[in-house]
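Read off the chains here:
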Amino acid sequence: MVLAAGATAWMSSTGSMADYDAYAESLRTAPAVPPSMRDVIRYATLAANSHNTQPWRFRIGNRFIEIAPDVSRRTPAVDPDDHHLFVSLGCAAENLAIAATSLGWPGELQIAPDGNLIRYAFVNGPTIASPLYAAIPKRQSTRAEYDRRSVPAAHLALLKHTADTAGVHLAILTNRADIDRLKEQVVAANSIQMADMAFMRELKQWVRFNPRSAMTSGDGLFSATSGNPALPDAIGRFAFERFFNARSESDRCARQVDSSSGVAVFAGDREDKAHWIMVGRACQRFALTATSLGIKVAFINQPVEVARFRADLAGLVGIAGRRPDIVLRFGYGATLPLSLRRPVEAVLTR
Ligand SMILES: Cc1cc2nc3c(=O)[nH]c(=O)nc-3n(C[C@H](O)[C@H](O)[C@H](O)COP(=O)(O)O)c2cc1C
């Protein structure tokens, strides 16, 4: 009796996974017939984005849709120069272009020279369904161990081909010795981040410890999407401070990298917002192509986030002197709970 009452109280403070999953599915339903521009924007918001802050605002104009940064959603500790914020905008822009083209609004993406505005301008032309369109609601960042299987050469070639973007260099590592060197960089950079109070404080603000808080905000990093248990908020915050430490996380990162088939490293030709957007487009195309091939991806960006590791990583992938932007591991594994988004109304500017 007491146990049952305790379980009920626990459930009512955390919310249920069934409700969470239904919410996540509702964000990913197929567009209405005929589709609306809200459907296009909903699909754009399903893009990868740093800490799931969803740092974007959309505006529907006369034959265009614009995407602008929402600087109220910056994460200055992990991303002091807004690099990840603009990569996230590029991921959303790519989803938007794929969805709009496939749903009856062919067009082209235009990036303002200063990178502060992206416009998808409609053009006259046929509706061409992109082979990547169906992958948009299925893609996720799968922060789990994979099963070590290799990706066939033909699929690696397809990944490289579809992610090929002007202004962006892509290196794919599949050689174990290279991946081991990268793993050392990830683990070392991760330890530095975990000793950084500002980084940890900011991360904790974006963690959602249970379905209820994830559904209330519609943003942030829900613990179950990283394979962690759902806990009441107070216990979750306590566990985060007490048990989430450099040693356990380093072990986990190492196992995850070991279990992956390979790693993709993206680098823009220049260090500016416009190129970070292009990097986002390329990495979103990579992730969607992987999804369509049954391949999982997850970001392991520690060596680009801790600036002192960038030169080593650039050396490893043969682009010495340049800034590597994004690191994605890939392989085969089980799907984890899908992440949430805020409703379209919350990101629309009138
Ligand atoms: C620029 C950028 C940086 C990211 N960095 C990391 C990272 O270092 N570690 C990680 O686990 N996920 C990282 N992510 C993934 C996001 O946390 C993820 O996209 C977001 O939580 C939404 O989840 P979803 O990709 O499953 O839809 C990054 C995503 C982007 C676009």
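Residues numbered from 1 in each chain as written. Predicted model: local features only at pLDDT ≥ 70, side-chain atom pairs only at ≥ 80, totals over all residues. Heavy atoms only, no water.

The protein goes by Nitroreductase family protein in an unreviewed UniProt entry, where it is assigned to Paraburkholderia kururiensis.

*Asks:* With reference to specific residues and values, describe the overall build of the protein.
*Replies:* Looking only at helices and strands, the protein has 14 helices and ten strands in total. Along the first, second and third principal axes, the C-alpha atoms of the protein reach 65 × 45 × 35 Å. Evaluated residue by residue, the protein yields a buried proportion of 55% over its 350 residues. Counted over contacts in the protein with a minimum sequence separation of 6, partners at least 24 positions apart contribute 77%. (Helix = DSSP H or I, 4+ residues; strand = E, 2+ residues; numbered from the N terminus. Buried < 20%, exposed > 50% of the residue type's maximum accessible area, 1.4 Å probe, protein only. Contact = heavy atoms within 4.5 Å.)

*Asks:* Describe in detail the domain arrangement of the protein, supporting the description with residues and values.
*Replies:* Assigned domains within the protein: domain 1 (2–140) and domain 2 (153–331). Computed over C-alpha atoms, the centres of domain 1 and domain 2 are 19 Å apart. Across the contact, 47 residues belong to domain 1 and 46 residues belong to domain 2. With both chains or domains summed, domain 1 and domain 2 bury close to 4,000 Å², and 67% of this area falls on carbon and sulfur atoms. Seen at the junction of domain 1 and domain 2, the total is 14 residue pairs in polar contact (both at pLDDT 80 or more). Secondary structure elements with two or more residues in the side of domain 1 that touches domain 2: α1 (2–14), α2 (17–26), α4 (83–103) and β3 (107–111). Along the lines of polarity and charge, the residues of the side of domain 1 that touches domain 2 split into 22 nonpolar, 17 polar and eight charged. (Domains from an automatic or database assignment. Buried area = accessible area lost by both parts, 1.4 Å probe. Polar contact = N/O pair within 3.5 Å; in protein donor to acceptor, adjacent residues only side chain to side chain. Nonpolar A, V, L, I, M, F, W, Y, C, P; charged D, E, K, R; others polar.)

*Asks:* So what about the site of the ligand? Which residues, and what values?
*Replies:* The local shell around the ligand holds 19 residues, among which Arg 139, Ser 141, Arg 143, Asn 301 and Arg 341 are the closest. One of the backbone nitrogen or oxygen atoms of Asn 49 is found 3.1 Å away from an oxygen atom of the ligand. The contact in question runs from an oxygen atom of the ligand to an N or O atom on the side chain of Glu 305, over 3.4 Å. The protein chains hide 91% of the 620 Å² of surface that the ligand would expose on its own. By residue number, the principal contributor to the shell around the ligand is α4, which donates three residues. Counted by class, the shell around the ligand contains five nonpolar, ten polar and four charged residues. When residues of the shell around the ligand are assigned to domains, at least three fall in each of domain 1 (2–140) and domain 2 (153–331). (Near = heavy atom within 4 Å. Areas by Shrake-Rupley, 256 points an atom, 1.4 Å probe, with all protein chains shown as cover.)

*Asks:* Go over the pairing of strand β1 (residues 56–61), please, and point to the residues and values.
*Replies:* Bridging between β1 and strand β2 (residues 64–69) involves six bridges; their strand directions are antiparallel. By the bridge assignment for β2, Arg 59 is matched with Glu 66. Between β1 and β2, which follow one another and run antiparallel, lie two residues, and Arg 63 among them has a positive phi close to 65°. (Pairing = 2+ DSSP bridges.)

*Asks:* An account of the environment of Pro 137 is needed here, citing residue identities and associated values.
*Replies:* Among the structural elements, Pro 137 can be located in the loop between β4 (118–122) and α5 (153–163). Pro 137 sits 57 residues away from Met 194 along the chain, and the two C-alpha atoms are 32 Å apart. Not counting the four nearest positions on each side in its chain, Pro 137 is found in contact with Arg 28, Tyr 43 and Leu 46.

*Asks:* Please provide a residue-by-residue account of the packing of aromatic side chains, values included.
*Replies:* Counted under the stated rule, the structure contains nine aromatic pairs. Ring centres of Tyr 43 and Tyr 133 lie 5.5 Å apart, and the angle between their planes is 25°; on these two criteria the pair is classed as stacked. In this pair, Tyr 43 sits in helix α3 (residues 37–45) while Tyr 133 sits in the loop between β4 and α5, placing the two residues 90 residues apart along the sequence. Summarising the aromatic geometry, the rings of Phe 238 and Phe 243 are spaced 6.5 Å apart at their centres and angled 90° between planes, so their arrangement reads as edge-to-face. Residue class for Phe 243 comes out exposed when judged on its relative accessible area of 54%. Through a chain of ring-to-ring contacts, the aromatic side chains of Phe 209, Phe 240 and Phe 244 assemble into a single cluster. It is Arg 329 that lies over the ring of Tyr 146; its NZ or CZ is 4.3 Å from the centre. (Phe/Tyr/Trp six-rings, centres within 6.5 Å; stacked < 30°, edge-to-face > 60°. Lys NZ or Arg CZ within 6 Å of the ring centre and 35° of its normal.)

*Asks:* Would you mind going over the pattern of salt bridges in detail, with residue names and values included?
*Replies:* This structure, assessed with the given rule, holds 20 salt bridges. Glu 94 is the partner of Arg 285 in a salt bridge, and the nearest nitrogen-oxygen pair spans 2.6 Å. With Arg 285 in helix α11 (residues 273–292) and Glu 94 in helix α4, this pair connects stretches of sequence that are 191 residues apart. What makes Glu 94 buried here is its relative accessible area of 2%. Close ionic contact of Glu 145 with Arg 255 constitutes a salt bridge, the shortest N to O distance being 2.9 Å. (Salt bridge = Lys/Arg side-chain N within 4 Å of Asp/Glu carboxyl O.)

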